[in-house]
Protein chains: 4
Amino acid sequence: MSTRKIRVAVVGGTGYTGVELLRLLLAHPQVELTAITSRAEAGQRVVDLFPNLRGRTALRFAAPDVALLADSDLVFFATPNGTAMKMAAELLSRQTRIIDLAADFRLRDAALWQQWYGIEHACPELLSEAVYGLPEVNRVQIRNAALVANPGCYPTAVQLGLLPLLSSGTVDFSSLIADSKSGVSGAGRKAEVGFLLSEASENMKAYAVAGHRHLPEIQQGLTAATGHKVGLTFVPHLTPMIRGIHATLYARLTGEPGNLQAMYAEYYRNEPFVDVLEEGAHPETRSVRGANVCRIAVHRPQQGDTVVVLSVIDNLVKGAAGQAVQNMNIMFQFDETLGISQTALLP
Amino acid sequence: MSTRKIRVAVVGGTGYTGVELLRLLLAHPQVELTAITSRAEAGQRVVDLFPNLRGRTALRFAAPDVALLADSDLVFFATPNGTAMKMAAELLSRQTRIIDLAADFRLRDAALWQQWYGIEHACPELLSEAVYGLPEVNRVQIRNAALVANPGCYPTAVQLGLLPLLSSGTVDFSSLIADSKSGVSGAGRKAEVGFLLSEASENMKAYAVAGHRHLPEIQQGLTAATGHKVGLTFVPHLTPMIRGIHATLYARLTGEPGNLQAMYAEYYRNEPFVDVLEEGAHPETRSVRGANVCRIAVHRPQQGDTVVVLSVIDNLVKGAAGQAVQNMNIMFQFDETLGISQTALLP
Amino acid sequence: MSTRKIRVAVVGGTGYTGVELLRLLLAHPQVELTAITSRAEAGQRVVDLFPNLRGRTALRFAAPDVALLADSDLVFFATPNGTAMKMAAELLSRQTRIIDLAADFRLRDAALWQQWYGIEHACPELLSEAVYGLPEVNRVQIRNAALVANPGCYPTAVQLGLLPLLSSGTVDFSSLIADSKSGVSGAGRKAEVGFLLSEASENMKAYAVAGHRHLPEIQQGLTAATGHKVGLTFVPHLTPMIRGIHATLYARLTGEPGNLQAMYAEYYRNEPFVDVLEEGAHPETRSVRGANVCRIAVHRPQQGDTVVVLSVIDNLVKGAAGQAVQNMNIMFQFDETLGISQTALLP
Amino acid sequence: MSTRKIRVAVVGGTGYTGVELLRLLLAHPQVELTAITSRAEAGQRVVDLFPNLRGRTALRFAAPDVALLADSDLVFFATPNGTAMKMAAELLSRQTRIIDLAADFRLRDAALWQQWYGIEHACPELLSEAVYGLPEVNRVQIRNAALVANPGCYPTAVQLGLLPLLSSGTVDFSSLIADSKSGVSGAGRKAEVGFLLSEASENMKAYAVAGHRHLPEIQQGLTAATGHKVGLTFVPHLTPMIRGIHATLYARLTGEPGNLQAMYAEYYRNEPFVDVLEEGAHPETRSVRGANVCRIAVHRPQQGDTVVVLSVIDNLVKGAAGQAVQNMNIMFQFDETLGISQTALLP
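Only a predicted model underlies this, so the values are computations on that prediction, with no experimental measurement involved.

Draft legend 1. Spotlight on the interface of chain C and chain A. Every contact between the two is made by 20 residues of chain C and, on the other side, 20 residues of chain A. Summed over both sides, the interface between chain C and chain A buries roughly 1,600 Å², with carbon and sulfur atoms accounting for 68% of that surface. When the area that chain C buries against chain A is broken down by residue, the three leading residues are Leu196(C), Leu197(C) and Ser198(C), summing to 39%. Counting every contact that joins chain C to chain A gives 2 salt bridges. A salt bridge links Arg189(A) to Glu199(C), with the shortest nitrogen-to-oxygen separation between them at 3.7 Å. The interface formed by chain C and chain A contains 6 residue pairs in polar contact (both at pLDDT 80 or more). Considering every element that reaches the side of chain C that touches chain A, the biggest residue donor is helix α8 (residues 197-200) of chain C, with 4 residues.

Okay, here's the thing in structure tokens:
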């Protein structure tokens, strides 16, 4: 392990992904946190927004500034979509590596990106250079990447859940279903009526059934990993809890898949952050609260031809900040688990 | 409307279905509540268990006794499975009608019942006489029924959501999926660690993926209503809220179904307790909290061949006590909406 | 009871108090709801904001307009503070009576009002005419009032809890303590980060310890009712639930108060909406969820000289909309319980 | 720091205090966890009860056995009250030190203990030997203690909140009030109806107003620390959240206390786990979720003679397992913060 700490900056640290990144980075033994920026909160102490960090940092939010950021080895973007793409080229040109936790570099097709995100992409030439930061798929490419697109929360849970099964080749790739339930923190720390406790508590609802931005990301990822065009129905649901994603995945068998349990266990045998549960188990989101883990169980009800996969993550950890630190560890050749091996908080 | 009140007794009123029945029956203008029984709580005032009923009733729990119950026009069983079947024959022989909110009379096949419920059925001869109390399907038969099997909570949400689509005939009946999310009150008022707030709050999990008792009930109902054998994958989830079921239903089209929105609106046009939302809508469970309503929306994402139906109910009302009172209204020729037209409590 | 319905309008019906008023008024047998206004939502269907009201009303929000409102017998203001005072004089001059659910007419002293609410009062001359709408104290005056100031939520729970004890005269009036816990709906339906589920769930905190606007209202009310100057420490807390206020009240005895339990029972013997629990009981907020009731228990721990009173209400019902309808019933000589005798929803 | 790990056993690790202890001990660099016992779960894998610990430990629950336990340097008792007192003498005689997280050794007076806990004390002779494990008060004595009585959760929050103020001597010691709110995990992991999500969610209630076992513990602690007899009214409340205690403390001034803010800051200046917030602040329980911290703010509303202190902890960490590890660190001369410096999980 290198003994020199790397210099790290965080752009846009006022959201939930930001505070979670700070929680992890401030305790990471190889990281020196040099700056955290927020245009709106510039000058404010970080701990005034996030009292859980009291005693951990004296940092204040700084105004975003490329020169400031370029002084770091690595910049995390924990910003709204459309921000990182404006600063990426200059930072890269100054040898500062980037992990973008937003969606700017997740899709390889600029036209598709514009279609789903509603704005023209500012640097389409970087899309092919960006590495999709799902370590279980792209670990080798991440190692040398200058620009990592950290996966979305739903896409992490859904892809990790489906990959072993799809790799078996015995499913109907055209009729996959991902019924996904997310805690409210997935909507971010923004003042919107729909996410008030009085609205979102004691309530369950689907949203964006007509089409959600994570759909093309999942399709692209599964297609890239399996070589098959993928037809997916993706229905996200707002669940009355703060953290957690539970993806319930359905696939139709087209042949005999063999021992599904063994297939899953083998597929993730060496993965530090994917945990395949025993046969018949039902993973709970609370078992990963605050932890950088995806827990998965595979079922074949009544030995029929529908396979059901249950996949849970903490949307802010393995679905965002934790996976970003995992990518950082890979990029800088630290132990991949360094600083992200906290045990989930239960109860 | 008849002006004589009917005499009604409730067997086993100490659970959530029981208290909800009491809330509705105590305010029902045509009901005189004569007795409520509970072996465990006999002698105890009802309001000591359920303080929300203070000032509404002076009743005390009585020990269950057929003679006492037979003095009523109608007996509701809000008991665990396996209780009603022991008293039904005698009550019926004394001209007391029955609505069973448990599962004793839901399946028509005694062998199937035994397979799923693990006990031998005590009166299989009554199974063919019992009417499945889903008014939207069996209103006419309910009117004259002596014995009504009140549907389960999941089966109500799932069947009401799928029926219009299945009746179109243009779906693959063999690969239906019902991804269902229920509030914790569905587990009843029993002391089990898994349903403690500290366990079930801030958590989402599937359960009984291998097979849940509501599966054969749904299959029987859909088959009876459509004439097709139905293959269904049913995955229930425990959701961190008290009340509410959200069923997310997936069906594969085998032909062009026509205008789905119009089909659903037409199917339920005259139904007082099924509300088809506008195109593109997403029903919320809180919109039916405390109300005897099922709200439904139908989607066809990206005009593909998977139809997604969203169906929400309050598991304790349209999924249990409210539907039971609706059945009572039909059986005794009251206005079907009498006493169950409360507006949902929001927020 | 009069058989003519009264014509009622609601100004500002887009908040939680508004939707709760609508729930109650739409089911009230003596009310014809003529208009509901909202500048921001003018033209929008009410049911699009509040899906629980689907099937109950075809109303759309109208722009606020005095002429429109003056066409009613009664106008409810469910608006932010500072709105009613601008329209009150004109409405009153047109013989339209008013119930203001905001704070504009709660304090009798215009200077004090300005000090706590930060704006100059628009019609101080009406303050002495307004009747403070706590029926248990001012029932007679409410009957003939043209302008009723509906009490705040905390003030309702705190005053009803303390009044019997203070009327005994054996407490130290200078050192009362009201430790009060409120559900998040008390903060209203406004987009603020602090009330997001992700912020307010799984969290407990006090706020406004330095001074809260309900403090002078409570002091004024207790002083008016008892003739004693009252010293009160009032600490509100934000509690992770939607509805409910739990006030825990502490008073120091200065003499022997006699039988506290009997005193409380007697004080509220004829009150339809105050329920004194048995000795040793602990009222729960859920026992009043959705109901127009205040439940109270009085304790004297270890027979010491500190009395502890527990007082719970639903902040949106007895603490707002329900009490407003109760006031309406009194003003128009309907049965006081008409339309507000719903049983609380439990669980 | 010693480099030899100490051998540690946990008795009764199936409750919430137990799993929290395991979370902390399994990550503690100086601890070798040798055994965890549970009579009921003997033979069962720990991870089957607590899936958050998957991948952290291969331990199975063992039957409790003194010989097994005596093989350790330290035994934690995370058992119901009345268990530790039966094994303590023998363990101590074998040079195994003890930290009891239950109440067996918290009160110094065996008669008082019996009065509140309802059973005769099994080893009253050890009561005077036991050190009350509140490090901020008894750090020196803890260092050499063989037997540490880990404080209760409420007592930790209340005592840390009141100590600086009481030490000033300018308050009425006879009329202290501790209005305390606790998350449901404080009730433990036991199957009781009252703590079901369906009962405890969306609800607030006081309990045990007549007298709670933590009252004599707090009085004893405050009296020991200040030399004054203390009169305290203690009202605990069940709050709809999993973790957290919020104590709102009221004291009447009898003289001019000077600068309260400075007094608190100074009192805890060198304490690693007590954080005094800035003037005017309101600590939130979520700011300490999962962290071994007590955050405190002191207020004097309207400069009157009532002081309000707000004190928050995580009941399972600084209120139980975290404080126990802190005591262990002191007893074995590790850095006091070792293994318990995790940042709180927010949101």
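Draft legend 2. Quick look at the pattern of salt bridges. Here the structure, examined in full by the defined rule, presents 100 salt bridges over all chains. Here Arg286(B) and Glu199(A) are joined by a salt bridge, their closest N and O atoms 2.6 Å apart. Note that Arg286(B) is positioned in the loop between β11 (274-276) and β12 (294-299) and Glu199(A) in helix α8 (residues 197-200), a pairing that runs across two chains. There is no split in this pair, since Arg286(B) and Glu199(A) are both buried. Among the ionic contacts, a cluster of salt bridges with common partners joins Arg45(A), Asp48(A), Arg54(A), Asp275(D), Glu278(D) and Arg295(D).

Draft legend 3. Representation of the relation of the copies chain A and chain B in the model. Here chain A sits on chain B after a turn of 180° about the axis and a move of 0.0 Å along it, with an RMSD of 0.0 Å. The superposition of one copy onto the other is thereby described by a two-fold rotation axis. Across chain A, the rotation axis passes nearest the C-alpha of Pro240(A), at a separation of 3.1 Å. In this assembly, 100% of the residues forming the interface of chain A have copies in chain B that are likewise at the interface, indicating an isologous arrangement.

Draft legend 4. Spatial organisation of the relation of the copies chain C and chain A. With an RMSD of 0.0 Å, the fit of chain C onto chain A corresponds to turning through 180° and sliding 0.0 Å along the axis. Take the interface residues of chain C: 100% of them recur as interface residues in chain A, which is what a same-surface contact looks like.

Draft legend 5. Summary view of the nonpolar core. Residue and element names in this part refer to chain A. Formed by 65 residues in total, the largest nonpolar core has its most connected members in Leu 91 and Phe 105. Top element by residues in this core is helix α7 (residues 153-168). It accounts for 9 residues. Taken domain by domain, this core gets at least three of its residues from each of domain 1 (6-129) and domain 2 (154-315). Contact partners of Leu 91, with chain neighbours within four places excluded, come to Val 66, Leu 69, Ala 70, Val 75, Phe 77, Thr 96 and Ile 98.

Draft legend 6. Representation of the pairing of strand β14 (residues 306-313) of chain D. Residue and element names in this part refer to chain D. For β14, the tally of buried residues reaches 8 of 8 residues, placing the bulk of the element in the interior. On β14, burial covers both faces: Thr 306, Val 308, Leu 310 and Val 312 on one face and Val 307, Val 309, Ser 311 and Ile 313 on the other are all buried. Sheet analysis places strand β13 (residues 294-299) next to β14, joined by 5 bridges and oriented antiparallel. Bridging from a neighbouring strand, His 299 pairs with Val 308 of β14.

Conventions used here
Residues numbered from 1 in each chain as written. Chains lettered and ligands numbered in written order. Predicted model: local features only at pLDDT ≥ 70, side-chain atom pairs only at ≥ 80, totals over all residues. Heavy atoms only, no water. Contact = heavy atoms within 4.5 Å. Buried area = accessible area lost by both parts, 1.4 Å probe. Salt bridge = Lys/Arg side-chain N within 4 Å of Asp/Glu carboxyl O. Polar contact = N/O pair within 3.5 Å; in protein donor to acceptor, adjacent residues only side chain to side chain. Helix = DSSP H or I, 4+ residues; strand = E, 2+ residues; numbered from the N terminus. Buried < 20%, exposed > 50% of the residue type's maximum accessible area, 1.4 Å probe, protein only. Least-squares fit on C-alpha atoms with pLDDT ≥ 70 in both. Core = buried A, V, L, I, M, F, W, Y, C linked by side-chain atoms within 4.5 Å. Domains from an automatic or database assignment. Pairing = 2+ DSSP bridges.

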